[in-house]
Amino acid sequence: MECWHFSEFPYPHFPADEPQSRINLPSKHFDPAIGADLYNRYLDEHCLADELGLNIMLNEHHQTPTCLNAAAPLSAAILARQTRNARICILGNPIAHRNDPIRIAEEMAMVDCISRGRLECGFVRGVPYEIFASNCNPAETVDRLWEGVDLVIRAWTTVDGPFNYEGRFWQRRSINVWPRPLQKPYPRIWITSSSDTEGVTRMAERGYVFAIFLQPWTTVKAMFDVYRSHFVERGLPGGGGMAYMPLVFTGDSEEDAEKGAAELRWYLTGARSPAHYRSPPGYLPLGAMTRMMRSAALPVGAQLRGRGLDALREEGILFYGTPDTMVKQIRAYYDKVGGFDHLLMMQQAGFMSHERTARSMTLFAKEVYPRIRDLAPTRATERAKVAAE
Amino acid sequence: MAKAKKSPSTRLATPSTSFVTIAGVRLEVRRLGRGKPLLMLSSEEMLEPDHAFVADLAGRFEIIIPSPPGFGRSERPDWITGVDDVSYLYLSLIEKLGLKAVTLVGFSLGGWIAAEMAVKDDARLARMMLVAPYGVKFGGVLDRDIADLWWLAPEKVAALKWYDPVNGHRDVAALSDDALTEIARNAESFARLCWEPFMHDPKLAHRLDRIAVPTTLVWGANDGILPPDYGRNYRKLIPGARLKIIQKAGHLPHLERPQAFLAHFQEFATRS
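Residues numbered from 1 in each chain as written. Chains lettered and ligands numbered in written order. Predicted model: local features only at pLDDT ≥ 70, side-chain atom pairs only at ≥ 80, totals over all residues.

A tally of regular secondary structure across chain B gives nine helices and eight strands. Relative to the 2.2 N^0.38 estimate, which gives 19 Å for 272 residues, the radius of gyration of chain B is 17 Å and therefore close to what a compact globule would have. In terms of overall dimensions, chain B has C-alpha extents of about 50 × 45 × 40 Å along its principal axes. Within chain B, counting contacts between residues at least 6 apart in sequence, those at least 24 apart form 72% of the total. (Helix = DSSP H or I, 4+ residues; strand = E, 2+ residues; numbered from the N terminus. Rg over C-alpha atoms; globule rule 2.2 N^0.38 Å. Contact = placed C-beta atoms within 7 Å.)

Dropping the structure here:
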């Protein structure tokens, strides 16, 4: 089991009575002096993760105080220089929303070289409300993601001079990316999904890591099963693996851990957006859209908001406790979902102070991580199973 | 092609649905009524085909209602990315069905498609009525000419769209899964075609003066999606076009005030 520290670089100091925090919150609420402190603090925490032997995960969102990391390649580049051992995972580049995959190929190759081969290169389709910031056609995000990923890989692996590319979404007459990534043939690719089983199948086929964030454990297991069943059938070229991201707080006592968990829950309540931003036309498959119209069901994130800490722990959304209970929780969770490879931990959210964050990270790294490291990468197990059959 | 050879007088008055393949795209085409050909292009929600005012017109016209690619049961290959593509398919459809002296009527998105057809080729058109068509941006970079149907909350959109939002209410619970799926697919296809540039084609404003066919624009006085001034600007770009305003009506005046609409239509059909 590999563990990764993650924070969305939140800026929680906005009026609590604002009905919307994502997309539409006026930027006058951002105080650059506070922002400067926060950026440096969050980067320091990622450096601490490196010192503690944890890996690092970064992501980006736009037009929102819930995530000041609006350009993840920038923070990845900083950490490529300031850390020594941590793997640096961008999860991910919102390639559907960016106008130029070739620029992403360049940025990622630079980060891989500067970090001396520590980049884990993730791509995301982007959450629904991102379309209001980027103006990407919501009905095209999936197709843009896959075309973009293919183009980046082609750009990295074409080394004999310029090639011509005339695709559906991008056209270039002369692609010849300098630099090349340091890792051979290129950094491991990660992609996220929470419901697109067809996409998960493609990830397994190509040996990309499949990551899923903050979903009830039954959903996580079902999606992991799709990935697993596919690679059991076909083998898993190029590694791959599965990753899950919960909120994580490790405390000195159960009481302390519960307090920390309550602080982390800010992430579920602080990120507010109007319901229709979460289902723009064409973003969801027709079946899901029809079910949503029929039931007016709240999306999972909205359903989770009102839940108590116990229920969130039960669902696997929130892991919290003393080191002993954390080890038990994680091992039980691993078994419940059929095993996985990467625990992506949002260990900071909302108003949680640097001291509290650093303490939780340190406790985890020193007293939990060594006791869960032995959890086997699932693909090895599955391969053994296939071999035995 | 057998259908195209039938003369209008032999066609049954009862509605029929068939599929016509144009440029490899299988299009759903509804037909009803008898008389001179009337090509009717639905609004984006496809609310027109089953509406009573259509039945009224079917007594005098042979009405042909195609579903755009991705709407109704029409296919939508990936190369169809804009209204421009749809306009070419429909021009070919007119030819394939052997229609001449066509009365072309388009509502909202359908009005935009109709305008895009007429600037390309109006040889087979006799007259054209555009009811609150999208398609043109008149204002500057910071002006929002057309209310943003996707950014605004659905309740707000309904309030802008209808003189009385009750008129736009759909009882979702009473609809079948198939009907709901079609609604979701129509909404998706509408976004695919019109997401960016938002609800217009920057070229269209510069092409509208090619339209030589007699054209009437119809607008709801209370259209909050495209205010009547949008219609006045549109009229100025089409040579000889007239603009009729229907009171107490929003973006779909033919559905909220069908009698007033039919009166304008009658005048339009006999005058031009």
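That was the structure; now back to the text.
Right, let's get into unusual backbone geometry. Note on backbone geometry: most residues besides glycine have negative phi, and most peptide bonds are trans. All names here are of chain A. A cis amide bond links Leu91 with the next residue in sequence, Gly92, at an omega value of -5 degrees. Structurally, the position occupied by Gly92 is in strand E3 (residues 88-93). Note that the residue after Lys184, namely Pro185, is joined by a cis bond; omega there is -10 degrees. The backbone of Asn135 sits at a positive phi, close to 70 degrees, despite the residue not being glycine. Within the secondary structure, Asn135 is located in the loop between helix H4 (130-134) and helix H5 (141-157). For Asn135, a count of 12 C-beta atoms within 10 Å translates into the label exposed. (Buried ≥ 20, exposed ≤ 12 C-beta atoms within 10 Å, placed from the backbone.)

Facing 18 residues of chain B, the contacting portion of chain A comprises 16 residues. Among the elements that make up the side of chain B that touches chain A, the one with the highest residue count is helix H6 (residues 177-194) of chain B (ten residues). Looking at the side of chain B that touches chain A residue by residue, the classes come out as eleven nonpolar, one polar and six charged. (Nonpolar A, V, L, I, M, F, W, Y, C, P; charged D, E, K, R; others polar.)

Residues and elements named next belong to chain A. Counting residues in hydrophobic clusters, the biggest one holds 95 residues, and the most contacted among them are Trp4, Ala211 and Leu344. Ranked by residue count, the leading element in this core is H5, at six residues. Setting aside residues no more than four positions away along its own chain, Ala211 makes contact with Leu91, Trp190, Thr192, Ala243, Met245 and Leu344. (Core = buried A, V, L, I, M, F, W, Y, C linked by C-beta atoms within 7 Å.)

Residue and element names in this part refer to chain A. In this fold, Pro65 is placed in the loop between strand E2 (55-58) and helix H2 (72-82). Linking Pro65 and Cys47, residues 18 residues apart in sequence, is a C-alpha distance of 22 Å. With residues up to four places along the chain from it excluded, the contact list for Pro65 reads Pro10, Tyr11, Phe14, Ser21, Leu25, His29 and Phe30.

Residues and elements named next belong to chain B. Strand order across the open sheet formed by eight strands is E1-E2-E4-E3-E5-E6-E7-E8, with mixed pairing between neighbours. Strand pairing shows two members of the sheet lacking a second neighbour, strand E1 (16-22) and strand E8 (242-246), which therefore form its edges. For this sheet, the mean angle separating the axes of adjacent strands, direction not counted, is 25 degrees. When strand E3 (residues 36-41) meets strand E4 (residues 61-66), the two strands line up parallel, connected through four bridges. The residue bridging Leu39 from the neighbouring strand is Ile64, located in E4. Along the sheet face, helix H4 (residues 109-120) touches E3, strand E5 (102-107) and strand E6 (125-131) and points at about 140 degrees away from the line of E5. (Pairing = 2+ DSSP bridges. Axes fitted to C-alpha atoms, helices over the stretch in contact; angles between N-to-C directions.)

Among the secondary structure elements, B:Thr270 is positioned in helix H9 (residues 258-271). Taking C-alpha positions, B:Thr270 is 32 Å from B:Leu160, a pair spaced 110 residues apart along the chain.

Residue and element names in this part refer to chain B. Confidence along chain B averages 94 in pLDDT terms, with 95% of residues attaining 70 or more. When the criterion is pLDDT under 50, residues 1-12 qualifies, and its contacts beyond four places in sequence or with other chains add up to 13 contacts. The ipTM for the predicted assembly is 0.91, set against a pTM of 0.93. (pLDDT = per-residue confidence, 0-100.)

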